[in-house]
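# Analysis of the macromolecular model
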Amino acid sequence: MHGHETDPGVFIRSMAARGQPGGVSRAAREAALVMDAMGYQAVVIETVGVGQGEIGVSSCVHTTAVVSIPGMGDESRP
């Protein structure tokens, strides 16, 4: 995201989950709908640090991408 804060075609807004189950606040879902209605070609909702059970984002997106750092997931130990 660094470098896009001055791009007139990009709108960035940080929104906490605000205690909503699923990891995404109702306000974030509504903001995504508004951005879609405004004609933005892509609306990206980033969830960081939510648990594996936090799948609320799936109800308001078309595509989900999971990005993880090597060595930070579950692993088998000998």
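The rules behind the values
Residues numbered from 1 in each chain as written. Predicted model: local features only at pLDDT ≥ 70, side-chain atom pairs only at ≥ 80, totals over all residues. Heavy atoms only, no water. Helix = DSSP H or I, 4+ residues; strand = E, 2+ residues; numbered from the N terminus. Buried < 20%, exposed > 50% of the residue type's maximum accessible area, 1.4 Å probe, protein only. Contact = heavy atoms within 4.5 Å. Salt bridge = Lys/Arg side-chain N within 4 Å of Asp/Glu carboxyl O. Expected span 1.5 Å × (residues − 1). Arc of directions from axis to C-beta. Polar contact = N/O pair within 3.5 Å; in protein donor to acceptor, adjacent residues only side chain to side chain.

## Points about the overall build of the protein chain
Looking only at helices and strands, the protein chain has one helix and zero strands in total. Burial analysis of the protein chain (78 residues in total) assigns 12% to the buried set. Put simply, 39% of the contacts in the protein chain that link residues at least 6 apart link residues at least 24 apart.

## Remarks on the side chain of Ser25
Within the element layout of this structure, Ser25 appears in the segment before helix H1 (26–37). Look at Ser25 and you get buried, because its relative accessible area is 2%. In this view, Ser25 contacts Met15, Ala16, Ala17, Arg18 and Gln20; residues no more than four positions away in its chain are not counted.

## Describing the pattern of salt bridges
Where charged atoms from two side chains of opposite charge come close, those side chains can pair. A complete count under the given rule lists one salt bridge for this structure. Between Glu30 and Arg26 there is a salt bridge, with the nearest N and O atoms lying 3.6 Å from each other. Of the two residues, Glu30 and Arg26 both sit in helix H1, four residues apart, roughly one turn of that helix.

## Details of the environment of Gly23
Here Gly23 lies in the segment before H1. Spatially, the C-alpha atom of Gly23 lies 7.0 Å from that of Val57, the residues being 34 residues apart in sequence.

## Regarding H1
The periodicity of an α-helix, 3.6 residues per turn, causes residues three or four places apart in sequence to face the same way. The end-to-end C-alpha distance of H1, which contains twelve residues, comes to 17 Å, matching closely the 16 Å that a straight helix rising 1.5 Å per residue would cover. For H1, the full list of buried residues reads Ala28, Ala32 and Met35. Each buried residue of H1 sits inside an arc of 65° when the element is viewed along its axis, so together they form one side. Relative to its buried face, H1 has exposed residues pointing more than 90 degrees away, namely Arg26, Leu33 and Ala37.

## Regarding the environment of Ser25
Distance from Ser25 to Gly56, taken between C-alpha atoms, is 8.9 Å for residues 31 residues apart in sequence. At a separation of 3.0 Å, a polar atom in the side chain of Ser25 contacts the main-chain amide nitrogen of Ala28.

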